[in-house]
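If you want the building blocks of each chain, they are given just below.
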2 protein chains.
Amino acid sequence: MEMELPVSDRILMAHGSGGKLAHELIAKGVLPALSNPLLDRLDDAAVFEVSGRLAFTTDTYVVNPIFFPGGDIGRLAVCGTVNDLSMTGAVPLYLSLAFVIEEGLSQDELGMVVSSVRQAAAEAGVQVVTGDTKVVNRGSVDKIFVNTGGVGLVPEAVEISGSKAQPGDKVIVSGTLGDHGIAVLSQREGLTFGTELQSDCAPLNRLVAEMIEVSPRIHCLRDPTRGGLATTLNELAAQSRVSIRIYEERLPVRDEVRAACDMLGFDPLYVANEGKLVAIVPPDDAEAVLDKMRRNRYARDAAIIGEVGEASPGRVVMKTRLGASRIVDMLVGDPLPRIC
Amino acid sequence: MEMELPVSDRILMAHGSGGKLAHELIAKGVLPALSNPLLDRLDDAAVFEVSGRLAFTTDTYVVNPIFFPGGDIGRLAVCGTVNDLSMTGAVPLYLSLAFVIEEGLSQDELGMVVSSVRQAAAEAGVQVVTGDTKVVNRGSVDKIFVNTGGVGLVPEAVEISGSKAQPGDKVIVSGTLGDHGIAVLSQREGLTFGTELQSDCAPLNRLVAEMIEVSPRIHCLRDPTRGGLATTLNELAAQSRVSIRIYEERLPVRDEVRAACDMLGFDPLYVANEGKLVAIVPPDDAEAVLDKMRRNRYARDAAIIGEVGEASPGRVVMKTRLGASRIVDMLVGDPLPRIC
């Protein structure tokens, strides 16, 4: 009693049923691009040998629109989770990938997202080993949301945490601020700012490995995503119970991003990045780490932007171009929703 | 320059910003219930020592309604991921937890979900060690979706996979079929079928540990969720390249579920379960495993429902009450969307 399967170039509710169409969607739409021995087993969980300090993280991506200059939700999901692992110093190994798809999304769009996942995973040297696909009725989700989890191994002797900043440490940022947020916003709102701005969305695991090679004593690493650099520095200052001083004139910001922010009333300090990191490093190692970073394609504009202090724990202060000191608070409200 | 935060008993877009309200939501709404040393560090990833064969899995839960008799989306998310780990024989250790929340969800509802996560995690003996919270505008997601990932360790000598069924093996199911699907559907559609039917949503890791103690040679374990028992048996038959024969009269089904299925035109074989497992076990071990299972509160109605054969690999056949043989195909279409 073979039943005929509906043919459609759109995702149907039945593609999420766990039944025949669901298996077909996975077998034809997802597995060929991501195939590896662990994923291909299709058991309820992937099983592999590990030994050491495991890093484990998760993030759901709800970016709107799902395709934007410089990336899409697939690349974003892989890079975001690779980066979260990297910020503990871990070498990322394996990812999980879970889609929630709105009925009616085209198979082509899903295919493009899966293809981006494949490319970003290949660039980062990680494999997707386990996954899940749900389909929900129209209006229950906006197009597609993607969750990625990840595991990686932290090399011996590396002890990186948001709580380890020390007075005297230098604060390094790996490149220009706000590119991702402004690129996504421009696409969403149909704005243009001269040359087309690209999201900085990138996997930073190799950059981190190079930095650790130069200085295994790096104290903190964090990627300034939602809430931007300002929010990340506030988190680090609070977790480490230190103050942080940064210098406005040292902050790398693209002209297009500055212009867009001026026009729209945003501050690049609060705009999301998806391929940048902040490092807090012992002062003796700062220049060597910076030198090494600038040789990586994802950190050509790296700069030492400030230092860690002792007074007023939890406070972040910026010395402005005019020489004044301004308190840099955490983001309040959400001027840029669904940016990641 | 302290800014005043808006006060609301509803989740606002700003709660997902990565900024101040987001930190407050996590600090007050999530952390107190789930607190543990790994989660409390609030780094980008949790880091812990492991050594051995790691199982890693993910699932997103989109059940509608989010509260149903016998559980809610929080309990479902924990049990589902604990069970996926358990189906490899792994002892579940740590979970990730990622919320996508619709603007306007009440803080009370979120609190109830988080509280269910806490209770289910405590029952299963696992800890939530890393997480993520996104808030999206009204209409971009239906109330709340929850992704849970999980890691666990597979004991030495345990080799469980969907591909290991052997001709002669016995097929055991741990209890009544279709309780979860019918309970959720009843709640959603406002139907009642005599006494209130409860979802079977439960963590099965302790049951699995007890089963492995009796028979470390268990070949396959799988939880028959979306697509029900029929779909799971088809998956196992295909992965192992064997046939499976089951007997209708041996299938445990509650009277209320049978009545509901008769009325609504469903077949309990295809209705989702969230606290049941199928085990395929060498024939010599089947009775001992069954005995042990029946002493666990989540497997009192366990039964040997069939056996594995050689002919027609991939085929599942049911001997009906009337003595006829019926091919049991995989689910086609999706009669019960958003059941998990």
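This structure is a prediction, so every number in the text was calculated from the model and none was measured. (Residues numbered from 1 in each chain as written. Chains lettered and ligands numbered in written order. Predicted model: local features only at pLDDT ≥ 70, side-chain atom pairs only at ≥ 80, totals over all residues. Heavy atoms only, no water.)

1. Some remarks on the overall build of chain A
From N to C terminus, chain A includes nine helices and 13 strands. A compact globule built from 340 residues should have a C-alpha radius of gyration of about 20 Å, and chain A, at 21 Å, falls within 12% of that. Taking the principal axes of its C-alpha atoms as reference, chain A extends roughly 80 × 50 × 30 Å. In chain A, which comprises 340 residues, the share counted as buried stands at 63%. Taking contacts inside chain A between residues at least 6 apart in sequence as the whole, the part at least 24 apart equals 85%. Working note: accessible area of chain A is about 12500 Å², and carbon and sulfur atoms make up 48% of it. (Helix = DSSP H or I, 4+ residues; strand = E, 2+ residues; numbered from the N terminus. Rg over C-alpha atoms; globule rule 2.2 N^0.38 Å. Buried < 20%, exposed > 50% of the residue type's maximum accessible area, 1.4 Å probe, protein only. Contact = heavy atoms within 4.5 Å. Areas by Shrake-Rupley, 256 points an atom, 1.4 Å probe, with all protein chains shown as cover.)

2. Thoughts on the relation of the copies chain A and chain B
With an RMSD of 0.0 Å, chain A superimposes on chain B once it is rotated by 180° and translated 0.0 Å along the axis. The operation mapping one copy onto its partner corresponds to a two-fold rotation axis. Interface overlap between copies is the fraction of interface residues in one copy that are interface residues in the other; for chain A against chain B it reaches 100%, indicating a shared surface. (Least-squares fit on C-alpha atoms with pLDDT ≥ 70 in both.)

3. Description of the packing of helix 6 (residues 205–214) of chain A against helix 9 (residues 286–294) of chain A
Residues and elements named next belong to chain A. Where helix 6 contacts helix 9, the axes come no closer than 9 Å and their chain directions differ by 150°. With respect to each other, helix 6 and helix 9 are oriented roughly antiparallel. The hand of the helix 6/helix 9 crossing is right-handed. Within the contact between the two elements, helix 6 uses L207, E210, M211, E213 and V214 and helix 9 uses A288, V289, K292 and M293. Split by residue class, the contact of helix 6 with helix 9 holds six nonpolar, no polar and three charged. (Axes fitted to C-alpha atoms, helices over the stretch in contact; angles between N-to-C directions. Parallel < 35°, antiparallel > 145°, perpendicular 65-115°, else oblique. Left-handed = near helix turned anticlockwise from the far one by under 90°. Nonpolar A, V, L, I, M, F, W, Y, C, P; charged D, E, K, R; others polar.)

4. Quick look at the sheet that holds strand 5 (residues 127–136) of chain B
The eight strands lie next to each other as 5(A)-4(A)-6(A)-1(A)-1(B)-6(B)-4(B)-5(B), forming an open sheet whose pairing is mixed. Strand pairing shows two members of the sheet lacking a second neighbour, strand 5 (127–136) of chain A together with strand 5 of chain B, which therefore form its edges. Averaged over all adjacent pairs, the angle separating strand axes in this sheet is 20°, with direction ignored. In this sheet, strand 5 of chain A lies alongside strand 4 (residues 91–102) of chain A in parallel orientation, the contact comprising nine bridges. (Pairing = 2+ DSSP bridges.)

5. Remarks on the confidence of the model for chain A
Averaged over every residue, the pLDDT of chain A is 94; residues scoring 70 or more account for 98%. The ipTM, which scores confidence in the relative placement of chains, is 0.95 for this predicted complex, and the corresponding pTM is 0.95. (pLDDT = per-residue confidence, 0-100.)

6. Structural notes on the pairing of strand 7 (residues 170–173) of chain A
Residue and element names in this part refer to chain A. With four bridges connecting them, strand 7 and strand 10 (residues 278–281) associate as antiparallel partners. Each residue of the ladder has a partner; that of K170, found in strand 10, is V281. Pairing of strand 7 with strand 11 (residues 303–309) involves four bridges; the strand directions are antiparallel. Bridging across to strand 11, I172 finds its partner in I304.

7. Observations concerning the sheet that holds strand 9 (residues 243–247) of chain A
Residues and elements named next belong to chain A. With mixed pairing, seven strands are arranged side by side in an open sheet as 8-10-7-11-9-12-13. Bordering the open sheet on either side are strand 8 (220–222) and strand 13 (325–327), each of which pairs with just one other strand. For this sheet the average axis-to-axis angle between neighbouring strands, irrespective of direction, equals 25°. Where strand 8 lies against strand 10, three bridges are found, and the strand directions are antiparallel. Residue L221 lies in a different strand from strand 10, and its bridge partner there is A279.

8. Description of the domain arrangement of chain A
All names here are of chain A. According to the domain assignment, chain A consists of domain 1 (13–154) and domain 2 (170–327). Inter-centroid distance (C-alpha atoms) of domain 1 to domain 2 is 27 Å. In this assembly, 22 residues from domain 1 lie in contact with 25 residues from domain 2. Roughly 1900 Å² of surface becomes buried between domain 1 and domain 2 when both sides are summed, with 58% attributable to carbon and sulfur atoms. There are one salt bridge connecting domain 1 and domain 2. As a salt-bridge pair, E123 and R297 come within 3.8 Å of each other at their nearest N and O atoms. Where domain 1 meets domain 2, there are nine residue pairs in polar contact (both at pLDDT 80 or more). Taken together, the elements giving at least two residues each to the side of domain 1 that touches domain 2 come down to strand 2 (67–68), helix 3 (73–86) and helix 4 (107–124). In terms of residues, the side of domain 1 that touches domain 2 owes the most to one element, helix 3, which gives eight residues. (Domains from an automatic or database assignment. Buried area = accessible area lost by both parts, 1.4 Å probe. Salt bridge = Lys/Arg side-chain N within 4 Å of Asp/Glu carboxyl O. Polar contact = N/O pair within 3.5 Å; in protein donor to acceptor, adjacent residues only side chain to side chain.)

9. Some thoughts on the packing of helix 5 (residues 179–189) of chain B against helix 8 (residues 255–264) of chain B
All names here are of chain B. Between helix 5 and helix 8, the shortest axis-to-axis distance is 10 Å and the interhelical angle comes to 60°. The angle between helix 5 and helix 8 places the two elements in the oblique class. Every pair of crossing elements has a handedness; the one defined by helix 5 and helix 8 is left-handed. Of helix 8, the residues touching helix 5 (which contributes D179, I182 and L185) are V257, A260, C261 and L264. Of the residues assigned to the contact of helix 5 with helix 8, the class counts are six nonpolar, no polar and one charged.

10. Description of the pairing of strand 6 (residues 144–154) of chain A
For a regular strand, side chains alternate in direction, first toward one face of the sheet and then toward the other. Residue and element names in this part refer to chain A. With respect to burial, strand 6 is a largely interior element, 10 of its 11 residues being buried. Bridge count for strand 1 (residues 46–61) against strand 6 is nine bridges, and the pairing is antiparallel. What sits directly across from T60, in strand 6, is N147. Of the pairings in the sheet, the one linking strand 4 to strand 6 comprises 10 bridges and is antiparallel in character. Residue pairing in the sheet places P92 in a bridge with G152 of strand 6.

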